[in-house]
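Per-entry structural report
What follows is the residue order along each chain.
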Amino acid sequence: MIFYNNPLRELKKEIDAENFNLIIKENKFNLINNFIEKYTSENGLEIYYLKKNDFIFLFSYGEYQPGRYILFLEAILQNIKQKTDKNFNS
């Protein structure tokens, strides 16, 4: 799966903090581990993302019974402000 190596915590490195926090709040995601920043959905599944063109797709994915996996499309986001390098002057 393309998104599996993209846990939600990695999106924080690509977008600004205000938008990231808004995504967490609006989708009611939970931070269950501060050390590795693991975000989960209301169903307790870990959140992953996929960037494609101007869209960010958020998925929750996980094993709900031994050997049985489930995948939900949690949100589709567009026009999210990307982080800018503050040391870059044009």
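Predicted model only: the values in this text are computed from it and were never measured. (Residues numbered from 1 in each chain as written. Predicted model: local features only at pLDDT ≥ 70, side-chain atom pairs only at ≥ 80, totals over all residues. Heavy atoms only, no water.)

Observations regarding the overall build of the protein chain
Applied cut-off: Helical segments are the DSSP runs of H or I of at least four residues, strand segments are the runs of E of at least two, and each set is numbered from the N terminus. Contacts: residue pairs with any heavy atoms within 4.5 Å of one another. In this count, Lys and Arg are taken as positive residues and Asp and Glu as negative ones, while His and the chain termini are left out. A single reference atom marks each charge: NZ on Lys, CZ on Arg, CG on Asp, CD on Glu.
When helices and strands are counted, the protein chain shows two helices and five strands. In the protein chain, the succession of α and β elements from N to C terminus is α-α-β-β-β-β-β. In terms of principal-axis extent, the alpha carbons of the protein chain reach across some 55 × 30 × 20 Å. Considering only residue pairs separated by 6 or more positions, the protein chain has 44% of its internal contacts joining residues 24 or more positions apart. Looking at the protein chain, you have 12 positive and 12 negative side-chain charges, and the mean spots of the two groups are 1 Å apart.

Digging into the pattern of salt bridges
How we decide: Within this document, salt bridges are pairs made up of a side-chain nitrogen of Lys or Arg and a carboxyl oxygen of Asp or Glu, the two lying within 4 Å of each other. Only protein chains enter the accessibility calculation, which uses a 1.4 Å probe; a residue is then buried when its area is under 20% of its type maximum, exposed when over 50%, and partly exposed in between.
Summed over the entire model, instances satisfying the criterion amount to five salt bridges. Close ionic contact of E37 with K12 constitutes a salt bridge, the shortest N to O distance being 2.6 Å. Of this pair, E37 sits in the loop between β1 (30-33) and β2 (38-40) while K12 sits in the loop between α1 (8-11) and α2 (17-26), and the two are 25 residues apart along the sequence. Residue classification places E37 among the partly exposed residues on the basis of a relative accessible area of 24%.

Points about the environment of P7
With respect to the helices, strands and loops of the structure, P7 is situated in the segment before α1. Counting along the chain gives 53 residues from P7 to S60, while the straight-line C-alpha distance between them is 9.6 Å. The residues contacting P7, other than those within four sequence positions of it, are E46, I47, Y48 and Y49.

Concerning the pairing of strand β4 (residues 55-65)
Quick note on the threshold: Strand pairing is defined by DSSP finding a minimum of two bridges between the two strands.
Bridge analysis of strand β3 (residues 46-52) against β4 gives seven bridges, and the strand direction is antiparallel. The partner of L50 across the bridge, within β4, is F57. What sits between the antiparallel neighbours β3 and β4 is a turn of two residues, in which N53 has the positive phi angle 55°. Where β4 meets strand β5 (residues 68-78), ten bridges bridge the pair, whose relative direction is antiparallel. Bridging across to β5, L58 finds its partner in A75.

Here's the deal with the confidence of the model for the protein chain
Worth spelling out the cut-off: The predictor attaches a confidence to each residue, and that confidence, scored 0 to 100, is pLDDT.
Chain-level pLDDT for the protein chain is 87 on average; 90% of the residues reach the 70-or-more range. When the elements of the protein chain are averaged for pLDDT, β1 gives the smallest value, 91, and β2 the largest, 95.

With respect to a nonpolar patch on the surface
As a reminder of what qualifies: Patch definition: residues with relative accessible area over 30% and no salt bridge; like charges joined within 9 Å; nonpolar side chains (Val, Leu, Ile, Met, Phe, Trp, Tyr) joined within 5 Å. Each accessible area is a Shrake-Rupley result for a 1.4 Å probe, and residues are judged covered by the shown protein chains and nothing else.
A cluster of nonpolar residues, F55, L73 and I76, forms a patch on the protein surface that exposes about 270 Å² of accessible area. Within the secondary structure, I76 is located in strand β5. With relative accessibility at 49%, the residue I76 sits in the partly exposed group.

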